[in-house]
Amino acid sequence: MFTPDPIPRPTGPPASSTPLGDYLNQSPPGSSAGYAVLPRSLAEAMPLPWQHQMRNLLAEFHQAFGHVQWPVYRVVPSRYERLANLDDDQLAEVGCTVEVGDDGELEYRMRDGRRIEDPEQHQVLVSCLDPIPPRGAQPPAAPPPPAW
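Presented here is an overview of the structure given in this document. All residue numbers refer to position in the chain's written sequence, counted from 1. A pLDDT threshold of at least 70 governs which residues receive local features in this predicted model, and a stricter bar of 80 or more applies before side-chain atom pairs are shown or counted, although totals over entire chains, interfaces and linings include all residues. As a rule here, side-chain values come from all non-hydrogen atoms in the structure, and water together with hydrogens is ignored.

Considerations on the overall build of the protein
Put simply, the test is: Helix numbering and strand numbering both begin at the N terminus, where a helix is a DSSP run of H or I of at least 4 residues and a strand a DSSP run of E of at least 2. We compute the radius of gyration over the C-alpha atoms and compare it with the globule rule, which gives 2.2 Å times the number of residues raised to the power 0.38. When accessible area is computed with a 1.4 Å probe and restricted to protein chains, residues below 20% of their type maximum are described as buried, those above 50% as exposed, and intermediate ones as partly exposed. By definition in these notes, contact holds between two residues if any of their heavy atoms fall within 4.5 Å. Where accessible areas are quoted, they stem from the Shrake-Rupley method and a 1.4 Å probe; at the residue level, only the protein chains shown are allowed to cover. Counted as positive: Lys and Arg. Counted as negative: Asp and Glu, with His and the chain ends omitted from the count. Here the site of a charge means NZ on Lys, CZ on Arg, CG on Asp, or CD on Glu.
Across its full length, the protein holds four helices and five strands. Ordered by position in the sequence, the α and β elements of the protein form the string α-α-α-β-α-β-β-β-β. Its C-alpha atoms give the protein a radius of gyration of 24 Å, clearly above 15 Å, the size a compact globule of 148 residues would have. In terms of principal-axis extent, the alpha carbons of the protein reach across some 90 × 45 × 35 Å. Within the span of the protein, comprising 148 residues, buried residues form 14% of the whole. Intrachain contacts of the protein at a sequence separation of at least 6 include 58% that bridge at least 24 residues. Looking at the protein as shown, the accessible area adds up to about 12,700 Å², and 57% of this sits on carbon and sulfur atoms. Averaged over its 11 positive side-chain charges, the protein has a centre that lies 10 Å from the centre of its 19 negative ones.

Examining unusual backbone geometry
For serine 27, which is not a glycine, the phi torsion comes out positive at approximately 60°. Within the secondary structure, serine 27 is located in the loop between α1 (19-24) and α2 (40-43). Since its relative accessible area comes to 55%, serine 27 is described here as exposed.

Some points on the nonpolar core
We apply this condition: The criterion is simple. A nonpolar core is a set of buried Ala, Val, Leu, Ile, Met, Phe, Trp, Tyr and Cys residues joined through side-chain atoms within 4.5 Å.
Listed in full, the ten residues of the largest apolar core are Leu83, Leu86, Leu91, Val94, Cys96, Tyr108, Met110, Ile116, Val124 and Val126. Of all the elements in the fold, those that place two or more residues in this core are α4 (88-94), β3 (106-110) and β5 (123-127). If near-sequence neighbours (up to four positions away) are discounted, methionine 110 is found in contact with Val94, Gly95, Cys96 and Ile116.

What about the packing of aromatic side chains?
Defined as follows: Ring pairs shown here join Phe, Tyr and Trp side chains whose ring centres sit within 6.5 Å, with only the six-membered ring taken for Trp; geometry is labelled stacked below 30 degrees between planes, edge-to-face above 60, and tilted in between.
Counting across every chain of the model gives three aromatic pairs. Arranged with centres 5.5 Å apart and planes meeting at 70°, the rings of tyrosine 35 and tyrosine 73 form a pair that is edge-to-face. Within this pair, whereas tyrosine 35 is found in the loop between α1 and α2, its partner tyrosine 73 is found in the loop between α3 (48-64) and β1 (78-82), the two being separated by 38 residues in sequence. With relative accessibility at 46%, the residue tyrosine 73 sits in the partly exposed group. Aromatic side chains phenylalanine 61 and phenylalanine 65 sit 5.1 Å apart centroid to centroid with 50° between the ring planes, which places their arrangement in the tilted category. Classification of phenylalanine 65 by relative accessible area gives partly exposed; the value is 38%. Aromatic rings pair up to connect Phe61, Phe65 and Trp70 into one cluster.

What follows is the structure, encoded as structure tokens:
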């Protein structure tokens, strides 16, 4: 009925107390230091069982945090570019100006006057065309069915 052998302990590292944070810290697509963004067209293209699970998770999330005053977020597709590769509109978008210095070389400066020492290597985030089609456009390829 009872065995005198000790109960085997699970192998591997202990479960994390911050699994979502751990995953998002790996920088999956759509995540940054402050936000995780899901393109609606891709979320709505998920298999129906996934959509049900996502809907339930989001409903619980919004119920738990419904008391928070939520702002309206404006999500802009963006990409990293080297400062030296930007045109005038993009430079204005990131708050940078270009001037000819006393030595005749181009000087890149931020709004606050700080000089960017190496504009060839300095990367900034600039807006770009959204590569993910909106709802109603050609649907993306469906992901494989869940392995449950």
